[in-house]
Structures are given as C-alpha cells and as structure tokens.
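Examining the three-dimensional arrangement
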Amino acid sequence: LTPLPKNSPVGRLDDDTFSRYAGVVRFEQLPLSRKTKDALRSNKFVSMTDIQRASLPHALCGRDVLGAAKTGSGKTLAFIIPVLEKLYRERWGPEDGVGSIIISPTRELAGQLFDVLKSIGKYHGFSAGLLIGGRKDVVTEKERVNELNVLICTPGRLLQHMDETPNFDCSQMQVLVLDEADRILDSGFKKELNAIISQLPKRRQTMLFSATQTKSVQDLARLSLKDPEYLSVHEES
Ligand code: ADP
Ligand code: MG
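Small disclaimer: the values here were computed from a predicted structure and weren't measured.

What counts and what doesn't
- Residues numbered from 1 in each chain as written.
- Chains lettered and ligands numbered in written order.
- Predicted model: local features only at pLDDT ≥ 70, side-chain atom pairs only at ≥ 80, totals over all residues.
- Heavy atoms only, no water.
- Helix = DSSP H or I, 4+ residues; strand = E, 2+ residues; numbered from the N terminus.
- Buried < 20%, exposed > 50% of the residue type's maximum accessible area, 1.4 Å probe, protein only.
- Polar contact = N/O pair within 3.5 Å; in protein donor to acceptor, adjacent residues only side chain to side chain.
- Contact = heavy atoms within 4.5 Å.
- pLDDT = per-residue confidence, 0-100.
- Arc of directions from axis to C-beta.
- Near = heavy atom within 4 Å.
- Areas by Shrake-Rupley, 256 points an atom, 1.4 Å probe, with all protein chains shown as cover.
- Nonpolar A, V, L, I, M, F, W, Y, C, P; charged D, E, K, R; others polar.
- Phe/Tyr/Trp six-rings, centres within 6.5 Å; stacked < 30°, edge-to-face > 60°.
- Pairing = 2+ DSSP bridges.
- Axes fitted to C-alpha atoms, helices over the stretch in contact; angles between N-to-C directions.

1. Notes on the side chain of Q205
For Q205, the position within the fold is in strand β6 (residues 205–210). For Q205, a relative accessible area of 5% gives the class buried. There is a polar contact of 2.9 Å between the side chain of Q205 and the backbone oxygen of A59. When neighbours within four sequence positions are excluded, Q205 is seen to be in contact with A59, G62, R63, D64, Q174, V175 and L176.

2. A word on the confidence of the model for the protein
Overall, the prediction assigns the protein a mean pLDDT of 91, with 91% of residues at 70 or greater. The model gives residues 1–11 a pLDDT under 50, and that stretch makes 11 contacts with residues more than four places away or in other chains.

3. A word on helix α9 (residues 190–198)
Along α9, the residues that are buried comprise L193, I196 and I197. One side of α9 carries all its buried residues, which in axial view fall inside an arc of 95°. Pointing more than 90 degrees away from the buried face of α9 are the exposed residues K191 and S198. The elements touched by buried residues of α9 are β2 (100–103), α7 (155–164), β5 (175–178), α8 (181–186) and α10 (215–224).

4. Some details on the site of ligand 1
Of all residues adjacent to ligand 1, which total 14 residues, the nearest are S47, Q52, G72, K75 and T76. S47 places a polar main-chain atom, nitrogen or oxygen, 2.7 Å from a nitrogen atom of ligand 1. Between an oxygen atom of ligand 1 and a side-chain N or O atom of K75, the distance comes to 2.8 Å. Relative to its free-state accessible area of 570 Å², ligand 1 is covered by the protein chains to the extent of 63%. Among the elements that line the shell around ligand 1, the one with the most residues is helix α4 (residues 75–89), at three residues. Its residues assigned to classes, the shell around ligand 1 shows four nonpolar, eight polar and two charged.

5. Some words on the packing of aromatic side chains
Taken as a whole and judged by the stated rule, the model has one aromatic pair. Between the aromatic rings of F79 and F209, the centroid separation amounts to 5.6 Å while the plane-to-plane angle is 45°, which identifies the pairing as tilted. Of this pair, F79 sits in helix α4 while F209 sits in strand β6, and the two are 130 residues apart along the sequence. Each member of the pair, F79 together with F209, is buried.

6. As for the sheet that holds strand β4 (residues 150–153)
Sheet architecture is open: seven strands sit in the order β3-β4-β2-β5-β6-β1-β7, paired in parallel fashion. The open sheet has two free edges, formed respectively by β3 (128–131) and β7 (229–233), since each of these has just one partner strand. Each strand of the sheet is rotated relative to its neighbour by a mean of 10°, with strand direction disregarded. Here strand β1 (residues 65–69) runs beside β7; their pairing, made up of five bridges, is parallel. Each residue of the ladder has a partner; that of L66, found in β7, is Y230. Relative to the sheet, helix α3 (residues 50–60) contacts β1, β6 and β7, its axis offset from that of β7 by approximately 170°.

So this is what it looks like as structure tokens:
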C-alpha cells in the first residue's frame, strides 16, 4: 500500500469543497477513506441520520461543531467518523501518540463508544484505549497511555492521568470530542472539564454533542469551541 501524500485531494475537505457535500444523504457520497467506507458498509450503515447529514460535512472540514439531537439519533457516528478521517488524512502513526480524546459522562457510555470506534475503525491501524475509573490496571495504563492514538475516557480518569502520569503527552492532540455534554455537566464534572480543556492544545478541532441545549452546555461551548457551527435537529411534529 502506498501511503497518501500529505494534502492529497483524496478525502480532503476544505471550505471551498464543503458546499459540494452539504446536501448528500448516503455515507458513500462523502469523501471518506475507503477503510471507513468499507467498515460502514459491513456494519450496514448506508443512509445518514439527520444529525449526521447536518454535521458531517462541517466536521470533515475540520470545523468546530455543537450538535444537539435527541438520544438515539446517531450522534456517535457524527464524531467517530471525523476523528478517524482526521487521523487518516494526517497519516497518524504509532509514534505520533495521542491524536484524539473523546470524553464521555459514564463508564458504560464510554464502553459503548469504544465498541463503535472498534467497529468503524477496524480497517484503520490506529490504537485506542478506554480510560475509565474503577479499573485496577492504572499502572499498566500509565505505561501505555502515550502509545495510544485515540483515548475514550471519563473526565475523572483523564484528569488523573493528566495530573499523575509522568510524561503524559497530549500536546499533539488534533480532535477533542465532548459527548453527552449535558450529562457530563449534570454529573458535576464542570471543574474537571475546565481543568482538562485548559491543558489541551489551543489549536485543535472540538466537537460537542448533547441531547439538550442547556445554559451550562452553552457556557461550555463558549469555553471550548472556536467559531462553531450550531446544528440542532428536532423532530417534525
Ligand atoms: P445517540 O448518541 O444520538 O443517542 P447513537 O449514536 O447511540 O445515538 O445511535 C443510536 C442507534 O442508531 C445505534 O444503534 C446506531 O447503531 C444506530 N445508527 C446510527 N447511525 C445510523 C445510520 N446512519 N443508519 C442506521 N442506524 C444508525
Ligand atoms: Mg450518544
């Protein structure tokens, strides 16, 4: 396999090409890597849901996104796909370390995200880790955390690594995802989130997804997003 040259037109989206993909309805029509398309197809994902249609063309261009849509509307793929595509286009490798951090409110939801990442990322070569509290192997985790490309974590465990793990390095991180942001804030993780965000590179893409648009979600958006696209998908009544 020949690696893609940097900035190859294949799978590259920028503001000029954005409008070409703004109205598409099937994953196959998006300029995604073959590895991602094959995994989507093998999981029988063909047509995009509304929130995926609304957010993917923006997110694939590298824009910050605030996506609001009810539970069950398919928000997970709306950020897992752009994370994989960004690292693919950057030709991210084992020695590049942490390229993306995905934060989830609970261990259970983090585990579900990890399963989706594994199935949609199965043809990519990225390494991923599930960093959640209540696990005994924090010592092994500390030794390996810098080798992982994608971290899926609960806020407490991520902050623990930031505070305690020597040489924990997320200085090259490209994409931050805050999933179920309303629930992260409801669970009282506001201070942890602020501490985490203050330690991440300013130059990054941030995607924030939430089922509801509360005042505290707006506050978090102001703190963490740069010139975001606000995408809110409501049911037709
Ligand atoms: P949310 O995070 O908005 O609650 P999920 O991402 O968990 O929603 O998705 C809910 C369900 O919809 C999952 O079972 C997922 O596999 C399915 N799903 C997501 N996107 C699609 C799609 N484009 N086509 C068919 N099913 C989908
Ligand atoms: Mg979800």
